[in-house]
Amino acid sequence: MSRVDDRRDGRGSSGPSQRSGADPTAGLLQLLLASKLGKGGGGLVLILAIFLMFAFCSQTQEPTAQVPLDSSFNAPAGSQGVGASLAQKCTEDAADGVFENTDCLLVKAFNETDEVWSGYFASTGQRFREPQLTFFDGQTRTGCGPANTSVGPFYCPADERIYFDLGFSRDLERLGVQGQYAMVYIMAHEYGHHLQNISGIERQVRKVQANNRRNANNYSVAMELQADCFAGVWGRLANDEGNVVITPEEFTQATNAAAAVGDDRIQQGAGMRVNPDTFTHGSAKQRTYWYTRGYNQGTPQACDTFKELGLPL
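Counting restarts for each chain: residues are numbered from 1 in the order of the written sequence. With the structure being a predicted model, the display of local features is reserved for residues of pLDDT at least 70 and the display and counting of side-chain atom pairs for 80 or more, all residues being used for whole-chain, interface and lining totals. Only hydrogens and water are set aside when side-chain values are computed; all heavy atoms of the structure are taken into account.

Trainee: Even after reading the chapter, I still don't get the state of the cysteines, so can you show me in this structure?
Mentor: Working definition: the covalent bond between the sulfur atoms of two cysteines is a disulfide. A pair of sulfur atoms, both from cysteines and within 2.5 Å, is called a disulfide here. Following the criterion strictly, the structure yields three disulfides and no others. Covalent S-S linkage joins Cys144 and Cys156, the inter-sulfur distance amounting to 2.1 Å. Measuring the twist about the S-S bond at about 95°, one finds the Cys144-Cys156 disulfide to be right-handed. Separated by twelve residues along the polypeptide, Cys144 in the loop between strand S4 (139-142) and strand S5 (145-148) and Cys156 in strand S6 (residues 154-156) bring together distant segments of the chain. Taken as a pair, Cys144 and Cys156 share a single burial class, namely buried. Here Cys229 is linked by a disulfide to Cys303, with a sulfur-sulfur distance of 2.0 Å. Disulfide Cys229 to Cys303: torsion about the S-S bond roughly -75°, handedness left-handed. Taken as a pair, Cys229 in helix H8 (residues 216-240) and Cys303 in the loop between helix H11 (284-297) and helix H12 (305-308) lie far apart in primary sequence, 74 residues in all. The way it works is that DSSP assigns letters per residue, a run of H or I at least four long becomes a helix, a run of E at least two long becomes a strand, and they are numbered from the N terminus. Whether a residue is buried, partly exposed or exposed follows from its accessible area with a 1.4 Å probe, protein chains only, as a fraction of its type maximum: under 20%, in between, or over 50%, in that order.

Trainee: Before we go on, may I ask you to explain the packing of helix H6 (residues 181-198) against helix H9 (residues 248-260) in this structure?
Mentor: Geometry of a packed helix pair, given as the angle between the helix axes and the separation of the axes. Simply put, an axis is a line fit to the C-alpha atoms, just over the touching stretch for a helix, and the angle between two N-to-C directions goes from 0 to 180 degrees. For the pair H6 and H9, interaxial distance at closest approach is 8 Å and the crossing angle is 60°. Considering their axes alone, H6 and H9 lie oblique with respect to each other. For the crossing formed where H6 meets H9, the hand is right-handed. Facing Tyr181, Ala182 and Tyr185 of H6, the residues of H9 in contact are Glu250, Gln253, Ala254, Ala257 and Ala258. Its residues assigned to classes, the contact of H6 with H9 comprises six nonpolar, one polar and one charged. Note on terminology: angles under 35 degrees are roughly parallel, angles over 145 are roughly antiparallel, angles of 65 to 115 are roughly perpendicular, and the others are oblique. Working rule for handedness: look at the near helix, and if it is turned counterclockwise from the far one by less than a right angle, call the crossing left-handed; if clockwise, right-handed. Should any heavy atoms of two residues lie within 4.5 Å, those residues are considered in contact. Residues are grouped as follows: nonpolar covers Ala, Val, Leu, Ile, Met, Phe, Trp, Tyr, Cys and Pro; charged covers Asp, Glu, Lys and Arg; every other residue, Gly included, is treated as polar.

Trainee: It is not clear to me how H6 should be interpreted in this structure. Could you clarify?
Mentor: An α-helical segment advances 3.6 residues per turn. Residues three or four places apart therefore align on the same side. An ideal rise of 1.5 Å per residue puts 26 Å on 18 residues; H6 measures up with 26 Å between its terminal C-alpha atoms. The element H6 is extensively covered by neighbouring structure, given that 18 of its 18 residues are classed as buried. Where H6 terminates, the next one or two residues include Gly200, which has phi positive at roughly 90°. To estimate how far a helix should reach, multiply one less than its number of residues by 1.5 Å.

As far as function goes, none of this settles anything; it's purely spatial.
Written out as structure tokens, the structure is:
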């Protein structure tokens with residue numbers, strides 16, 4: 001049973017919040033990037049910075065309206081408020097198997113990733129904790145500090161939530177990425193960060209980065225590529241277990257999305273010189289390669305990006 005938190009009615013999303021341990025320059029960084037790149041460009045580049053910028057933050061999360069949704073979008077009896085409204089909409093949207101609403105598609109993808117990864121962890125004798133999914137519009141509070149639309153989808157390890165402002169789908173379209181499965185790939189990628197968190201990888205990486213600033217970006221690249229690989233593994237496992245049927249066209253939608261958010265593509269699109277030393281998520285070629293590798297091999301053991309890149313943990 002997954003838990004989905006819909007804050008798009010404004011609850012939990014108004015005004016800035018105080019956070020402890022946060023980087024006080026984060027807001028300035030957003031402002032400078034948005035100013036340099038122009039309207040519409042800053043948000044995409046900020047996807048590169050957001051995981052590092054948020055990973056060290058902690059904050060007490062305010063309670064918000066939540067409702068559990070199962071994998072067939074059946075709303076629990078007696079549900080009220082925002083969550084119930086989303087559940088009802090998604091139940092109706094899923095009736096014909098074609099999702100007209102992006103939020104409902106993402107809820108379905110979120111529930112399917114829950115099912116596949118919880119089953120995998122159980123089969124290997126590992127403990128598993130489900131993350132939560134939060135939709136927001138404009139700005140919101142997170143366990144990693146305040147966030148707004150410009151950051152794109154992200155995972156916060158402090159509160160174990162995946163955050164989505166659905167405006168990101170329009171950003172992908174502006175990059176020429178088409179098809180619903182592109183957003184499913186983004187969901188699976190962010191879920192991959194949750195796997196890194198609960199398995200201790202994220203904590204190991206942050207410790208190494210704190211002691212090795214020179215290689216901090218390289219470790220961030222390895223983290224992101226591993227999340228891409230985990231997304232591919234999920235696609236293969238879900239397909240093989242019959243949870244979803246991934247067509248060749250949908251596979252291409254995922255790889256196109258992975259390439260579109262490569263550091264080199266984003267720098268080129270912003271009119272900047274491509275500089276691998278500043279990469280934090282990996283090139284288009286790397287991201288496509290690791291997603292494909294995960295899908296082809298279908299096991300997390302194929303996703304040791306740190307070893308492949310010569311980065312010891």
